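Residue-level structural notes
Spelled out from the first residue to the last, the chains are:
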Amino acid sequence: MHYKTTRLSVMMFLQLFVSGCTMPIFSLYMKDYLHFSGSQIGLILAMSAIPSLLSPVIGAFIADRLISAERLLTITHLLGSAIMLGLYFQTEFIPVLFFYLLYGMISGPAFALTTTITFHHAPDAVKSFGGIRLWGTLGWAAAAWVFSFLWSNRGAEGATADLHGALQLSAISSIILAVYALTLPVGLQRKKGRIVLIPRDSLAVILKPEILLLSLFCIIITFADRFYMFGGGPYLKSLGFSDRAVMPLLSIGQLPEIIGLSLLGIALKRIGLKKILIIGAAFEIARFAVFSWYGTGIVLFTGIALHGLTYAYFFVPLTIFLDSRSSPQSRAGVHQLFSILTGGIGGFAGNLLAGYSADLTSIPGSGQINFAHFWIIPLILSCAGLAGVVLFIREQSFSQTTIAVSEDT
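In this text, all values refer to a predicted model and were calculated from it rather than measured experimentally.

**Details of the nonpolar core**
Within soluble globular proteins, side chains that are nonpolar generally end up buried alongside one another. Of all hydrophobic cores here, the largest spans 117 residues; its most connected members are F26, M30, I44, F291 and F314. Per element, the largest residue contribution to this core is 15 residues, and it comes from helix α11 (residues 209-238). Discounting chain neighbours no more than four positions away, the residues touching I44 are F26, M30, F36, F93, V96, L97 and Y100.

Structure below.
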């Protein structure tokens, strides 16, 4: 493996390790440990999308303009670690809401920054991004196993101590990544001259019709994906799995994602980006169909596994497509602006909808969610996203990406 590729892979591993400590179980933590309602949980999770709406100020207009993306990554994780430790001590709805919003504001742009840094440094970036991103998947899965079997308090009973400790692990992991980011070389010299509020070079890329259209369908798929992040942990708990088993079980989705990412370059070359996106959306539909039927055993594990394939064959190819339309100067802004449309709008509305749906489908008097009904909503949304890609996206829109992949493969 190329030296730069190795260093970028470590960065991506650590970035997803930080997120993987809390995201899979945070809704379950709030439901069982803090005893929040579905709507309260949905509103708190929606706070993570607000930074995506504001991230151009932090990312697109600061990264590689006032400060390099590499050094900004260090700052975001140092501050994010301190705020996560503050969140650890909160138990009431309003303080948790405030700290989670503040955490998202500071650390939210970090993933887009790692994407920008990867494309700055990686040799043959279009070809190698999938392999580098694969290490992020490994980091996400590693967080589940490290927390469940090494970090959590084995002497504690129930959900409280186990799930609470995940916030500690996330904070410590952020410090490790902040220190590591300091060792990364600067990939792009800071721009000189006047700093504009809206980077026209990045905005010009986003406003292209094919990218706006893709953004719309990506928002719809993101709506559905938020249901999984909201309901995955509570769903497994409702099936009788222990709190300690939830994160390792959810990490099953990372194994097929690893395989899918390792084959992504070949798949893009052989069948083209549009068909890849159709396959990714179809995996999303199959996942929610399995869950809505209350599949158990191998059927349940297959549904979880489909989550990784959805990510590998829908969201990651879109990242590669965006970069193929960007220049080195517009790259940071393009990824951040796309994050506004998808992670921002899609994430905010999707989390609110998932929380409202959890309350709407709750079994009266029990406080438990009727998941057979809950999963039908993202199933319908996924079908709408697939129909949009099939009917309204032309293969010619992706020709530049396919050519780039073919030349590098």
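**Some thoughts on the confidence of the model for the chain**
Close inspection of predicted coordinates is inappropriate for parts of the model with low pLDDT. Residues with a pLDDT of 70 or more make up 85% of the chain, whose mean pLDDT is 83. Overall, residues 402-409 carries pLDDT values under 50, and its contacts beyond four positions in sequence, including any with other chains, amount to 15 contacts.

**Remarks on helix α16 (residues 298-324)**
Over its 27 residues, α16 runs 39 Å from end to end, which matches the ideal 39 Å to within 8%, given 1.5 Å per residue. At Y311, α16 shows its largest kink, close to 30°. Most of α16 sits out of view: 22 of its 27 residues are buried.

**Notes on empty space enclosed by the protein**
Evaluated as defined, the whole model comprises two cavities of 30 Å³ or more. Counted as a void, the second largest cavity has a volume near 90 Å³. Lining the second largest cavity we find M23, F26, S27, L45, S48, Y100, R226, M229 and N351. For the lining of the second largest cavity, the elements supplying multiple residues, two or more each, are α2 (26-33) and α11. The class makeup of the residues in the lining of the second largest cavity is five nonpolar, three polar and one charged.

**Looking at a nonpolar patch on the surface**
A contiguous nonpolar surface patch, about 470 Å² in accessible area, is contributed by L213, L216, V390, L391 and F392. Among the secondary structure elements, those contributing two or more residues to the nonpolar patch are α11 and α19 (376-392). Among the elements that make up the nonpolar patch, the one with the highest residue count is α19 (three residues). If you trace the backbone, F392 turns up in helix α19. Residue class for F392 comes out exposed when judged on its relative accessible area of 53%.

**Describing the packing of aromatic side chains**
The way to describe two aromatic rings as a pair is by their centre distance and the angle between their planes. For the structure shown, the criterion picks out 21 aromatic pairs. Here the aromatic cluster, defined as three or more aromatic residues joined through ring pairs, consists of F227, Y228, F230, Y235, F288, F291, F371, F374 and W375. Here the guanidinium or amino end of R287 rests over the ring plane of Y228, the centre of that ring lying 4.4 Å away.

**Some thoughts on the packing of α11 against α19**
Between α11 and α19, whose axes approach to 8 Å, the crossing angle comes to 160°. With respect to their mutual orientation, α11 and α19 come out roughly antiparallel. Along this stretch, α11 crosses α19, giving a crossing that reads as left-handed. Here L213, F217, I220, I221, F223, A224 and F227 of α11 come into contact with α19, specifically with I377, P378, L381, S382, A384, G385, G388, V389 and F392. Residue composition of the contact of α11 with α19, by class: 13 nonpolar, three polar and no charged.

Calculation rules
- Starting afresh in each chain, residues are numbered from 1 along the sequence in its written order.
- Whole-chain, interface and lining totals are the exception, using all residues; otherwise, since this is a predicted model, local features are given only for residues with pLDDT of at least 70 and side-chain atom pairs are given and counted only at 80 or more.
- Hydrogens and water are ignored here; the side-chain numbers use all heavy atoms of the structure.
- The criterion is simple. A nonpolar core is a set of buried Ala, Val, Leu, Ile, Met, Phe, Trp, Tyr and Cys residues joined through side-chain atoms within 4.5 Å.
- To sort residues, take the accessible area from a 1.4 Å probe on protein chains only and compare it with the maximum for the residue type: under 20% means buried, over 50% means exposed, and anything in between is partly exposed.
- Helix and strand labels come from DSSP, where a helix needs a run of H or I of at least four residues and a strand needs a run of E of at least two; each type is numbered from the N terminus.
- Working rule for contacts: check all heavy atoms of both residues, and any pair within 4.5 Å makes them a contact.
- pLDDT is a per-residue confidence score from the predictor, ranging from 0 to 100.
- Here the expected length of a helix is defined as 1.5 Å per residue gap, with one fewer gap than residues.
- What we call the bend at a residue is the angle made by axes fitted to the seven residues finishing there and the seven residues starting there.
- Cavities and pockets were defined on a 1 Å grid built from protein atoms only: a cavity is a group of points that admits a 1.4 Å probe but offers it no way out, a pocket is an open group of points flanked by protein on both sides within 12 Å along at least five of seven lines, and a lining residue is one with an atom within 4 Å of any such point.
- Grid points are joined across faces, edges and corners, and a volume is the space filled by probe spheres set on the points.
- Three categories are distinguished: nonpolar for Ala, Val, Leu, Ile, Met, Phe, Trp, Tyr, Cys and Pro, charged for Asp, Glu, Lys and Arg, and polar for the others, with Gly belonging to the last.
- To count toward a patch, a residue needs a relative accessible area over 30% and no salt bridge; like charges are then connected within 9 Å, while nonpolar side chains (Val, Leu, Ile, Met, Phe, Trp, Tyr) are connected within 5 Å.
- To be clear on the numbers: accessible area is Shrake-Rupley with a 1.4 Å probe, and residue cover counts the displayed protein chains and nothing else.
- One side-chain nitrogen of Lys or Arg within 4 Å of one carboxyl oxygen of Asp or Glu is enough to make a salt bridge.
- Think of it this way: a Phe, Tyr or Trp ring, Trp meaning its six-membered ring, pairs with another when their centres are within 6.5 Å, and the plane angle makes it stacked under 30 degrees, edge-to-face over 60, tilted otherwise.
- Note on criteria: charge over ring means Lys NZ or Arg CZ within 6 Å of the ring centre, with the direction from the centre no more than 35 degrees off the ring normal.
- Lines fitted to the C-alpha atoms define the axes, with helices restricted to the stretch that makes contact. Angles between their N-to-C directions range from 0 to 180 degrees.
- Convention used here: angles under 35 degrees read as roughly parallel, angles over 145 as roughly antiparallel, angles from 65 to 115 as roughly perpendicular, and any remaining angle as oblique.
- Should the near helix be turned anticlockwise from the far one by less than a right angle, the crossing is left-handed, and should it be turned clockwise, the crossing is right-handed.

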